Amino acid sequence: MTETLAYHLCLIGFAGFGYKLVEARRSQPVRTMWFLAGFGICIAIGIVVLTPAMAALAGPGPVAEWVLSLAGDELKLGAIGFAVAFTQSVWRGEGARLAPHALFTGATMVLLAVCFTLSGPRRVGDDTVFSDAGLPFALADKLIFLAYSLISLALLIAVFARSAWQAEPGPLRTGLWLLVVGVGAAFAWTFWDIDDVRQLAETARIGAREDVPSSVLAATTIGFVAAGATLSAWSPAVSSAIGRVRAYRAYRRIEPLWTALRAAVPGIALDPGRELTGGAEFALYRRVIEIRDGHLALRAHFDPDLPARAETAARRAGVPEAELAPTVEAVTLAAAIEAGRQGRRFAPTEATPDPLPDADVVAEAAWLVRVSRAWQRAAVVDRVRAGALG
C-alpha cells in the first residue's frame, strides 16, 4: 500500500514539476524553475530506488547492496542542494551566488560516497551489515548526511515560513505554506535516520529498505512540494468549486429570512421553483436581490425610532456585542412586516434608509446570513422587540 502510494506520488511529482517548467517560460527564469524541478525529481527517484520492487528487480549482488543504497542518499542530498539553489535564485534573483553552495554540496556528496565505500556494506537478507573495521566509516557516512541535510532543511523551512507569513493572502501564500509543510516532511524524513545511527552503533547493521514511517514521510514530501509548486495550475478550479459550495451554503442559510419576506411581499420572488437552474452563485445573487426588494417594498413600514430602542433592549436581554447589529436588524424587519400587515405606515421623511450596505453580493450575503441566524432565534427576537415596543 505504501509502495503504491509512493509510486503514484512520484508520477504526480514528475507531472507537476514538468508543468512548472513549461509555465516558467512565460513567468519565471528557466534556471530558477529547473532548480525546483530538480528538487522534486531527485526526491521522486530517491523514493523509487529504495522501494522493495527496485531491490527485487536488481536482484542479489553489488547493485542492490551498494548502488541503490548509495544512490538513495546521494539523491536526497541532491534534492536538498537543488532546494537551496532554488531559494537563493528566487530571493536574490540573477545575482545569486550559487557556486559556493554547489561546491559544498558536491564535496559533501563525494565525502559521503567515500565513507560509504570504505564502510564495506554487505547485504544479509533485509539488512545491511558492516564489519568492525568498516563501522566507523558507516557511522561517519550517516552523520555527514544528517548534519548537512538537517541544517539545510532547517534553513529552508525558516525562509519559506518567513516568506509565507509576510505574503498577502492568496495563491502565493498558500503555495508557500504548502512548501513549508513539504520541506518540514523532508526534515522529518531525514531526521528519521537517527534511528538508523542508533541501530548501527549498537548492532553494526541497519535495515536496507525504507520502513513504513520513512516511506510515508517521503510520499508526504513529494506530495506537498508538488502541490505548492503547481498551485497556480489547479487552484482556480479548486477555488471555483469552493466558491460554489460557499454560495450554496449562504443560499440555504438566508432562506428563513427570504421566506418571511416572500410571505409578506409575494411579488419579490422571481420565477419561483427555478432558483438553482443557473447555478449556486446566480441563485444566491437572485435571493439577495429579492431580499433587498422586500426591504424596499416595506420601506414605509420601518419605524425610524425602533432601531435605537431595539439596541437598548437587546443589550438588556444579554445579546452578545458581535450579534447586536444583526439582532437589531432582525427586530426592525419583524416589526416592519407586522406593521405592513396592520397597515401602519410612517411618514416618508422619517422612514429609515435601506439597511443593506452598498457592497457586492458576497458581502451582502454574509450580512444576511448573520441576520437570518438572528431571525431564527425567534424567542430572543420576540423578547427584544417586546422590550423595544414596551
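It should be noted that the structure appears before, not after, this text.
Residues numbered from 1 in each chain as written. Predicted model: local features only at pLDDT ≥ 70, side-chain atom pairs only at ≥ 80, totals over all residues. Heavy atoms only, no water.

## Details of the nonpolar core
Next up, step 1: The biggest cluster of nonpolar side chains holds 33 residues, and the ones touching the most others in it are Phe39, Leu153, Leu156 and Phe160.
Next up, step 2: Residue assignment for this core shows that the elements contributing at least two residues are helix 2 (30-49), helix 4 (62-92), helix 6 (135-166), helix 7 (171-191) and helix 9 (212-229).
Next up, step 3: Looking at which element gives the most residues to this core, the answer is helix 4, with 9 residues.
Next up, step 4: In this structure, Leu156 is in contact with Ala83, Val84, Thr87 and Val183, ignoring residues within four places of it in sequence.
Next up, step 5: In this structure, Trp258, Ile337, Trp367 and Leu368 belong to the second largest nonpolar core, which totals 30 residues. (Core = buried A, V, L, I, M, F, W, Y, C linked by side-chain atoms within 4.5 Å. Buried < 20%, exposed > 50% of the residue type's maximum accessible area, 1.4 Å probe, protein only. Helix = DSSP H or I, 4+ residues; strand = E, 2+ residues; numbered from the N terminus. Contact = heavy atoms within 4.5 Å.)

## Some words on helix 5 (residues 99-119)
Next up, step 1: The terminal C-alpha atoms of helix 5 lie 30 Å apart, and with 21 residues this matches the ideal 30 Å at 1.5 Å per residue to within 8%.
Next up, step 2: Positioned one or two residues after helix 5, Gly120 has a phi angle of 55°, which is positive. (Expected span 1.5 Å × (residues − 1).)

## Details of the packing of aromatic side chains
Next up, step 1: Under the definition given, this model contains 2 aromatic pairs.
Next up, step 2: Where Phe104 meets Tyr148, the ring centres are 5.3 Å apart and the plane angle is 50°; that geometry is what we call tilted. Here Tyr148 lies in helix 6 and Phe104 lies in helix 5, a separation of 44 residues in the sequence.
Next up, step 3: Residue classification places Phe104 among the partly exposed residues on the basis of a relative accessible area of 47%. (Phe/Tyr/Trp six-rings, centres within 6.5 Å; stacked < 30°, edge-to-face > 60°.)

## So, the pattern of salt bridges
Next up, step 1: All told, the structure shown has 8 salt bridges when counted by the stated rule.
Next up, step 2: Across the salt bridge formed by Arg315 and Glu311, the nearest N and O atoms sit 2.9 Å from each other. Of this pair, Arg315 and Glu311 both sit in helix 13 (residues 306-316), separated by 4 residues, roughly a single helical turn.
Next up, step 3: With a closest N to O distance of 2.9 Å, Arg341 and Glu338 form a salt bridge. With Arg341 and Glu338 both in helix 14 (residues 324-342) and 3 residues apart, the pair spans about one turn of that helix.
Next up, step 4: Classification of Arg341 as exposed rests on a relative accessible area of 62%. (Salt bridge = Lys/Arg side-chain N within 4 Å of Asp/Glu carboxyl O.)

## Focus on the environment of Ile45
Next up, step 1: Among the secondary structure elements, Ile45 is positioned in helix 2.
Next up, step 2: Along the backbone, Ile45 and Leu75 are 30 residues apart, and their C-alpha atoms lie at a distance of 7.4 Å.

## Describing the packing of helix 11 (residues 255-264) against helix 12 (residues 280-297)
Next up, step 1: It is at 10 Å that the axes of helix 11 and helix 12 come closest, and there the two elements cross at 45°. Here helix 12 runs oblique to helix 11, going by the angle between their axes. In this structure, the crossing between helix 11 and helix 12 has a hand that is left-handed. Every residue of helix 12 that contacts helix 11 at Glu255, Leu257, Trp258 and Leu261 is listed here: Arg287, Glu290, Ile291 and Gly294.
Next up, step 2: Broken down by class, the residue content of the contact of helix 11 with helix 12 amounts to 4 nonpolar, 1 polar and 3 charged. (Axes fitted to C-alpha atoms, helices over the stretch in contact; angles between N-to-C directions. Parallel < 35°, antiparallel > 145°, perpendicular 65-115°, else oblique. Left-handed = near helix turned anticlockwise from the far one by under 90°. Nonpolar A, V, L, I, M, F, W, Y, C, P; charged D, E, K, R; others polar.)

These figures come from the coordinates and say nothing about function on their own.
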